[in-house]
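Observations on chain architecture
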Amino acid sequence: MTRKNVEIIKPDDWHVHLREDAIMKHVLPYTYKNFKRALVMPNLNPPITTLKKATSYYEAICRNIPIEIKFHPLLTLYLSEEISTTLLSALSDHKFIKAIKMYPRGATTNSELGVSNFRSYYRIFEAMEKYGLVLCIHGEVTDENIDVFDREKVFIDTVLLDILKSFPNLKVVLEHITTKEAVEFVSSQNESLAASITLHHLLINRNKLLSEKIRPHFFCAPILKSEIDRKVLVEAATSGISKFFLGTDSAPHFIKDKLSPCGCAGIFTSPVTMEYLVQLFYNEGKIDMLEKFASINGALFYGEPTVGEKVKYRYRNIPMKRLKNIQIENEEISIFDPSIDLHWEREK
Ligand SMILES: [Zn+2]
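Reading the values: rules and limits
Position numbers for residues start from 1 in each chain and track the written sequence from start to end. Restriction of local features to residues with pLDDT of at least 70 applies here, the model being predicted, together with a cutoff of 80 or more for giving and counting side-chain atom pairs; totals for whole chains, interfaces and linings are based on all residues. Strands are runs of DSSP state E lasting at least 2 residues, helices are runs of H or I lasting at least 4, and numbering of each runs from the N terminus. Two strands are said to pair when DSSP picks up at least two bridges between them. Throughout, an axis means a line fitted to C-alpha atoms (over the contacting stretch in the case of helices), and angles, computed between N-to-C directions, take values from 0 to 180 degrees. Neighbour counting defines burial: a residue surrounded by 20 or more other C-beta atoms within 10 Å of its own C-beta is buried, one with 12 or fewer is exposed, and intermediate counts give partly exposed, using backbone-placed C-beta atoms. Taking the helix axis as origin, the arc is that swept by the directions to the C-beta atoms. Think of it this way: build a C-beta for each residue from its backbone, and any pair within 7 Å is a contact. Nonpolar core, as used here: buried Ala, Val, Leu, Ile, Met, Phe, Trp, Tyr and Cys residues forming one set through C-beta atoms within 7 Å.

Observations concerning the environment of Ile-214
- Locating Ile-214 in the fold gives a position in the loop between α8 (206-210) and α9 (227-237).
- Along the sequence, Ile-214 and Gly-285 sit 71 residues apart, while their C-alpha atoms lie 32 Å from each other.

See the structure below:
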């Protein structure tokens, strides 16, 4: 690695929303060009709750990937009453289904069918532990009495801790962590617990969202936290510790649904994630840890190979031009723009 060039194994995105139909067609290229694998979330409407639905979604994704592109979509099943222990036994070592995703009911987009009584799924967790299946968790309580900025911490204390104590060998990913408490908690647990971190939680804090003017394009779930939290997340991501890896949570919504009296949570980051990450790691003096965070740690946790194609990024003195919105028929999707000059680009 020379000073202004970076080469790493092609990264993986361990948490992405590709949606369906026209949106999927437009957003998928940003994922298959930038990443070798991506773990695709199941919160469609209706959600992916069965093997049959997962198979047809997988096929739909594959139909939109050009034959010359070496990209592996990996899927998750939405934890619901439709998941049986018999199904779980068929999923151990499945070709493309790599995890079960648990949404607390109402936590984010299309989570109305999510879990409200966690203990009622303990027999499922027991089977998952037995078959070595990964449980991905949106770790926030949804109780209206709990402040929105405290929901991750309260989830850890009241839900996650009990799951981990009951199933110490269950492989769990606490997804898109946002707080100092979450970093400390994940670090304190055994190797069965890991955490994904997004680009946006590494780059911006809640002041960017709420102070001076409100910026609806920065609204996401879990909501952005304080600068102290952001700094701890950066420390975790750049530490090289194998428990922390990239999951972008890139989540496209039409602008009309973001800029609305009842705006959606989610930020579309896939087109710029890697370039901003390179810049962040470089500026932190931790560029040698980038490959671990983006290309190795997640693959090791999910039991996937860590060899293969490499990608290069190079520094440019003149910042990159801001990317234009994506046009889909009469609607538009905006691309994450943290108002930070971007000086890195991928070498073609
Ligand atoms: Zn998500």
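Once you've had a look at it, read on.
A closer look at the sheet that holds strand β13 (residues 344-346)
- The strand order β1-β10-β13 describes an open sheet built from 3 strands, whose pairing is antiparallel. Looking along the sheet, the strands with just one partner apiece sit at the ends: β1 (5-9) and β13. This sheet shows a mean twist of 25 degrees between the axes of neighbouring strands, independent of strand direction.
- Strand direction decides the pairing type here: strand β10 (residues 310-315) and β13, joined by 3 bridges, are antiparallel. Bridge pairing links Tyr-315 to Trp-344 in β13.

Overview of the sheet that holds strand β2 (residues 12-16)
- With parallel pairing, the 8 strands of this open sheet are ordered in space as β2-β3-β4-β5-β6-β7-β8-β9. The outermost strands of the open sheet, each flanked by one partner alone, are β2 and β9 (244-246). Taking each pair of neighbouring strands and ignoring which way they run, the sheet shows an average axis angle of 30 degrees.
- Pairing of strand β3 (residues 37-40) with strand β4 (residues 72-78), which is carried by 4 bridges, proceeds in the parallel orientation.

Examining helix α6 (residues 180-188)
- Those residues of α6 that fall on the buried side of the exposure criterion are Ala-182, Val-183, Phe-185 and Val-186. Down the axis of α6, the buried set is contained in an arc of 165 degrees. They therefore lie on one face. Exposed and oriented more than 90 degrees from the buried face of α6 are Glu-184 and Ser-188.
- Packing partners of the buried residues in α6 comprise α5 (151-166), β7 (171-174), β8 (193-197) and α9.

Looking at the nonpolar core
- Grouped together as the largest cluster of nonpolar side chains are 91 residues, with contacts concentrated most on Val-40, Ile-100, Leu-135, Leu-174, Ala-195 and Ile-197.
- Those residues in contact with Leu-174 that sit more than four places away from it in its chain are Ile-137, Gly-139, Leu-160, Ala-182, Val-186, Leu-193 and Ala-195.

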